[in-house]
Amino acid sequence: MQNLITLGEFIIKNQQDFPYAKGQLTRMFNAITLASKVMNSQINKAGLVDELMGKVGTENVQGEEQKKLDVYANKIFINALKARNEVCGIASEEEEETIIFENEASVNGKYIVLIDPIDGSSNIEVNVSIGTVFAIYRRISPVGKPAILEDFLQTGRQQVAAGYVIFGSSTMLVFTTGNGVNGFTYDPSIGVFYLSHPNIKIPEDGNIYSINEGNSAYFSDDIKTYIDYCKEIDADTNRPFTGRYIGSMIADLHRNILKGGIYLYPDSKKSPQGKLRLLYECNPMAFLIEQAGGIATDGHQSILDLKPTDIHQRTPFYAGSTEMVKVLQDVLTNQST
Ligand code: AHG
Ligand code: MN
Ligand code: MN
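Residues numbered from 1 in each chain as written. Chains lettered and ligands numbered in written order. Predicted model: local features only at pLDDT ≥ 70, side-chain atom pairs only at ≥ 80, totals over all residues. Heavy atoms only, no water.

### Comments concerning the sheet that holds strand β15 (residues 317-320)
- On the basis of which strands lie adjacent, the open sheet formed by 5 strands has the order β12-β11-β13-β15-β14 and mixed pairing. Lying at the two open borders of the sheet, with one neighbouring strand each, are β12 (242-243) and β14 (295-297).
- Note: β14 against β15, 3 bridges, orientation antiparallel. Directly across from T297, in β15, lies its bridge partner Y318.
- Lying over the sheet, helix α6 (residues 221-231) contacts β11 (208-210), β13 (262-265) and β15, oriented at roughly 150° with respect to β11.
- Sheet strands touched by helix α9 (residues 322-332): β11, β13, β14 and β15. Its angle to β14, the strand with the most contacts, is close to 30°. (Pairing = 2+ DSSP bridges. Helix = DSSP H or I, 4+ residues; strand = E, 2+ residues; numbered from the N terminus. Contact = heavy atoms within 4.5 Å. Axes fitted to C-alpha atoms, helices over the stretch in contact; angles between N-to-C directions.)

### Details of the pattern of salt bridges
- A complete count under the given rule lists 9 salt bridges for this structure.
- With a closest N to O distance of 3.0 Å, R157 and D305 form a salt bridge. Residue R157 is found in the loop between α5 (149-152) and β7 (159-167), and its partner D305 is found in the loop between β14 and β15; the two are separated by 148 residues along the sequence.
- Given the relative accessible area of 38%, D305 is considered partly exposed.
- When salt bridges with common partners are traced through the structure, they connect E93, R277 and E281 into a single cluster. (Salt bridge = Lys/Arg side-chain N within 4 Å of Asp/Glu carboxyl O. Buried < 20%, exposed > 50% of the residue type's maximum accessible area, 1.4 Å probe, protein only.)

### So, the layout of surface pockets
- The volume enclosed by the largest pocket comes to roughly 440 Å³.
- The wall of the largest pocket is formed by 26 residues, among which G120, S121, S122, G247 and K275 lie closest to the centre.
- Secondary structure elements with two or more residues in the lining of the largest pocket: β2 (65-67), β5 (111-119) and β13.
- For the lining of the largest pocket, the element with the highest residue contribution is β5, accounting for 3 residues.
- Across the lining of the largest pocket, the residue classes break down as 7 nonpolar, 8 polar and 11 charged.
- Taken together, domain 1 (7-197) and domain 2 (208-336) each give at least three residues to the lining of the largest pocket, which thus spans both.
- Of the volumes computed, that of the second largest pocket is approximately 360 Å³.
- Along the wall of the second largest pocket there are 20 residues; nearest its centre are I43, N44, N127, F167 and G168. (1 Å grid on protein atoms, 1.4 Å probe; cavity = no way out; pocket = protein on both sides within 12 Å on 5 of 7 lines; lining within 4 Å. Points joined across faces, edges and corners; volume = space filled by probe spheres on them. Nonpolar A, V, L, I, M, F, W, Y, C, P; charged D, E, K, R; others polar. Domains from an automatic or database assignment.)

This is how it looks when you write it as structure tokens:
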């Protein structure tokens, strides 16, 4: 590492283009990094501490079984954000309803946060990368009153910041405030995030495709055609592509953003609306990917232009290197590849 710049310094110095008060942004990021540090320490001992491992025995609103770490992370992020009074409402994968703060300090908060506290829960107990993903919006309702549902149902375009934390072989925070994407690696020995990946750009083209191909029998003919295309031999386009699928969206996208690739989670007979959640999985990742120079689409339009109607709604999701996503879009609109 040559230039030792901490996350805190970076936010103060490099966010001149952030159109709102920088102190508020700093405090929200303080909450997120503090919660991430707590999570980092807990995740690293998940195998040792029974309280962190396994199922709670409850299901979240989407009927998915909650892991202890899902519930723990949900609490940590909500409490860290609540304590700083910049946020007037939170929506989380683990909470059926929006959380609207009604205390005097929080109703003056100008921001809404949508969060997937742990993405890739099924990988916790097998020591495979998991993450946290968040989207931040300015509220549209008047300050001084509790937030309203419309504050949460803004299009992804309205995001003022988004990011993810990946708990992998090292822990990283990657985020954007609409002025490029930067990545920070955590040094746990001194508790500091350093700028390690300045101005991340996704390669325009790549040769990795990431999809749960076990679901092929449920896929549309278009998706099957595209998967066949990925596997054909063609030296000019560097095919066959390499198949890589971790099953933690954040980890799959993180790899593809750095190396070049395409990620697909289509709608199918098994998941008629797709599986991934628009507001706290796809929108923040789409904002980051567009900021890194890539494409994120539901097959018809940019994810960021979809008008949400429900905080937990799902969407088909295709994202990654521009050239690769364009080929997929051609297949989906039935043009020849
Ligand atoms: P979560 O752990 O937040 O419920 O998200 C799981 C998501 C996503 O992380 C992952 O890419 C996808 O589910 C994997 O789904 P499949 O097992 O259907 O491939
Ligand atoms: Mn998730
Ligand atoms: Mn989750």
